[in-house]
Amino acid sequence: MRDISRTMTKLPSPPPSGGQELGADTMDLLRFATIGSVDDGKSTLIGRLLFDTRQLFDDQLDALSTASERRGLDEVDLSFVTDGLRAEREQGITIDVAYRYAATPHRKFVIADCPGHVQYTRNMATGASTADLALVLVDATSGLREQTRRHVCIAALLGVDQLVVCANKMDLVDWDKSAYQGIVDEMETLARRLGLVSCTVIPISALNGDNVVERSDAAPWYDGPTVLDSLESAEAGGWASQHGPSRGSGARLPVQWVLRQPGGGRAYAGMVNGGPFRTGDAVVILPQGLATTVRAIETADGPLSRAEVGLSVSMRLADDIDVSRGDLIAAVEDPPEVTDTFDATVCWFHDRPLVAGDRLRLKHTTRVTPAVVESIEGIFDVNELAVSAASSLRENDIGIVRLRTALPLALDSYQADRITGSFVLIDELTIATVAAGMVGRPSLHC
Amino acid sequence: MDTATSLRASSSLPLGDAAPGGRPGHPDASVTALVRPVGHPLGHLDLLESLAIFIIREVAAESERPVLLFSGGKDSAVLLHLAAKAFKPGRIPFPVLHVDTGHNFDEVLTYRDAQVEAEGARLIVSKVQDSIDQGRVADPGPVASRNRLQTTTLLDAITAHSFDAAFGGARRDEDKARAKERVLSFRNSFGQWDPKKQRPELWQLYQGSVRPGEHLRAFPLSDWTEMDIWQYIRRERIVLPSIYYAHTRPVVERDGMLLAVSQWVAPQGDEVARDVTVRFRTVGDATCTGAVRSDATTVDDIIREVSTSRISERGATRADDRFSETSMEDRKREGYF
């Protein structure tokens, strides 16, 4: 068992910092998810990134060292930083997403380390659904696998439009530039066809830390950014992130809760999405279609004249009309469409195949309603990036389905608004979540 | 914020030199990529608060009988504060449950009663001592930790009151098993967590339906770090039990931890009780919660201390996590908080 500080050869002596961030009350936040196939090194990379940026505490490092030793390993296994479950350490794989937190003076990071195994695609989708950016791991010794393409497709469908691709294990191919170039060519083609905004490919060794935080001299032919550079310069709070602005939908407030006011009257509580609301805005209540105006916007800290996207508020309306949980308050310009029949792209997570006629529950914003699958419109082939005919969707398939709901829904396309354009399907028997749904068909640039 | 500014200026975090284009050794080729993007109009505390309020409202709306678990610690203080904000000007529409190990710091009980009353909530206290008296759990002896026994008391209370959702103040940065847990964490009719069968949890679509006998644990502070908690306490001026701030008290050193001398903790063998200036970083069962040496008497002092600590919160203060590599996972599987 080597001493951890010798294993981490690149580590200068640690400064007196626990790696926590500084005391500023307002910092920006980048959420990213690691994706890619099993064994391509996702968890090791996150372990390395946290170690080299000194986000790990002394007692956590001691525990890593002990855990590695107990499994007879010669070196500290950095993947144990995020693989925290007993079964994960036993098998050396990631089963479910681990969330880790890091901070630099520039920004805070929420890291979702996702599993690569096809069996746990639902967990990868969970981690990627709130990410600004996907950190894609590709094993340079074997190139892009089908599972990597599936993950990149799912991330792209979820709206994650920034990719940082790590060509990992470059040390095992002697830092051969052609291995790197092959991955660049394949990834750039894929990213272009999926309509992604950015795709940076970095040659790294997660195990040794080359080009992760510190630049490596092993690849003098590479003059691009390190992994950390890319993460620090990426766009945060973008469209796909938890509180991102919409791409073209107006202000929306799905009603969560009705607050009765002390002097009579009601306020409608919920989180603003799509665009900001201002007092006096003309709004429409959906699905009823009733028009009114915003009389006041309130928070526990006092009234606001303008409520930003991502803020939880309560809203009072000028007219006394019937509004309850599940209804949507929308800006009167360009409101969502009210419909009970629509096409959607779904990732199916149940081991029982999805077929036409299946009945499920559907949760959209704050409304839950029975739904039926009218038809399976097609299946998305992650290798061909094309939709072909299918009569059922199997576990982990991505498909296009036509759904009909018992209650009408106020829908935007997912491309326009990720809150009012997304839903989950719930099994009526087990009441488990069995699918992630996005309103509309996948848009491809083929 | 003066403290923030001075901390920023004096810090030597390893990433501090990564200013746009300023990293030594970087070829010019990468400089263009390092332009700082424009951030969200809301800061991170606003976003964390807003999402926590969203989660609290969502679970309150979808469950029949929710309850908020309150220990008197800083995380549950933040949680109670957020619950109150979520429903203002109304009252918190669910009761507050304290699982009382009987090994309490007096300051914490006084604090608990005052806080719950101030927020206008109803307090339910479930006592581990009652579980012992009823023979539900074996009595480990008067001075042993009752931390693990809390699980039975908690699950019995959930059953007795037919609670179908319990809010907790757990954070994912506390422990590697917690780091794996969903915001809404499903428990079967035995109260158990199955980490291999968690529900997908996409976007902000928190799906909280359960069948009779099952329940949810809801963790609105999942994405908060210890630092976020302290910054929020400072911003919102949240009152905490006095033991979070530096004070002088008799302690004994045991297994590398400083334990407060009390009716349950007395010097054993070669141990000597000494007066030390300490504070508590977490608050739990008094027999297994360690104090840390500290002169931090204000929130600003604590924020400064947290930003330079080399030891994690639980590593510094919880004897119960030292049994094995997967203590927290094992306890959570049984139904622990």
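Just so it is clear, the structure is predicted and the values come from calculations on it, not from any experiment. (Residues numbered from 1 in each chain as written. Chains lettered and ligands numbered in written order. Predicted model: local features only at pLDDT ≥ 70, side-chain atom pairs only at ≥ 80, totals over all residues.)

What is the right way to read the overall build of chain A from this model?
Per the secondary structure count, chain A includes eight helices and 25 strands. Against the 2.2 N^0.38 benchmark of 22 Å for 446 residues, chain A shows a C-alpha radius of gyration of 24 Å, consistent with a compact globule. Across its three principal axes, chain A shows a C-alpha extent of roughly 70 × 55 × 40 Å. By the burial criterion, 60% of the 446 residues in chain A qualify as buried. (Helix = DSSP H or I, 4+ residues; strand = E, 2+ residues; numbered from the N terminus. Rg over C-alpha atoms; globule rule 2.2 N^0.38 Å. Buried ≥ 20, exposed ≤ 12 C-beta atoms within 10 Å, placed from the backbone.)

When you look at the pairing of strand 12 (residues 290-299) of chain A in this model, what are you seeing that I'm missing?
Every other side chain in a regular strand lies on the same face of the sheet, so the side chains alternate between the two faces. All names here are of chain A. In this sheet, strand 12 lies alongside strand 11 (residues 282-286) in antiparallel orientation, the contact comprising four bridges. Residue pairing in the sheet places A282 in a bridge with T293 of strand 12. Judged from the four bridges that link them, strand 12 and strand 15 (residues 312-317) form a sheet pairing that is antiparallel. The residue of strand 15 that forms the bridge with I297 is M315. Two strands pair when backbone bridges link them, and strand 12 and strand 13 (residues 302-304) are joined in this way by three bridges, in the antiparallel orientation. Across the sheet, residue T299 finds its bridge partner in strand 13, namely G302. (Pairing = 2+ DSSP bridges.)

Is there a simple way to explain the confidence of the model for chain A in this structure?
Parts of the model with low pLDDT should not have their predicted coordinates read in detail. Here chain A averages 86 in pLDDT, while 90% of its residues score no lower than 70. Low confidence marks residues 1-23 of chain A, where pLDDT is under 50. Its contacts with residues over four positions away, or in another chain, come to 51 contacts. (pLDDT = per-residue confidence, 0-100. Contact = placed C-beta atoms within 7 Å.)

What am I meant to see in the environment of T153(B) here?
Residues and elements named next belong to chain B. Note that T153 resides in helix 6 (residues 150-160). Given 23 C-beta atoms within 10 Å, T153 falls into the buried group. Ignoring sequence-local partners within four residues, the contact set of T153 consists of V99, S126, K127, V128 and S131.

Teacher, can you tell me more about the domain arrangement of chain B here?
One widely used convention gives an interface's size as the accessible area the parts lose upon coming together. Residues and elements named next belong to chain B. You can read the domains of chain B as domain 1 (44-226 + 327-334) and domain 2 (241-322). Distance between the C-alpha centres of domain 1 and domain 2: 24 Å. Counting only elements with at least two residues in the side of domain 1 that touches domain 2, the list comes to helix 4 (106-118) and helix 10 (327-334). The greatest single-element share of the side of domain 1 that touches domain 2, amounting to three residues, is contributed by helix 4. (Domains from an automatic or database assignment.)

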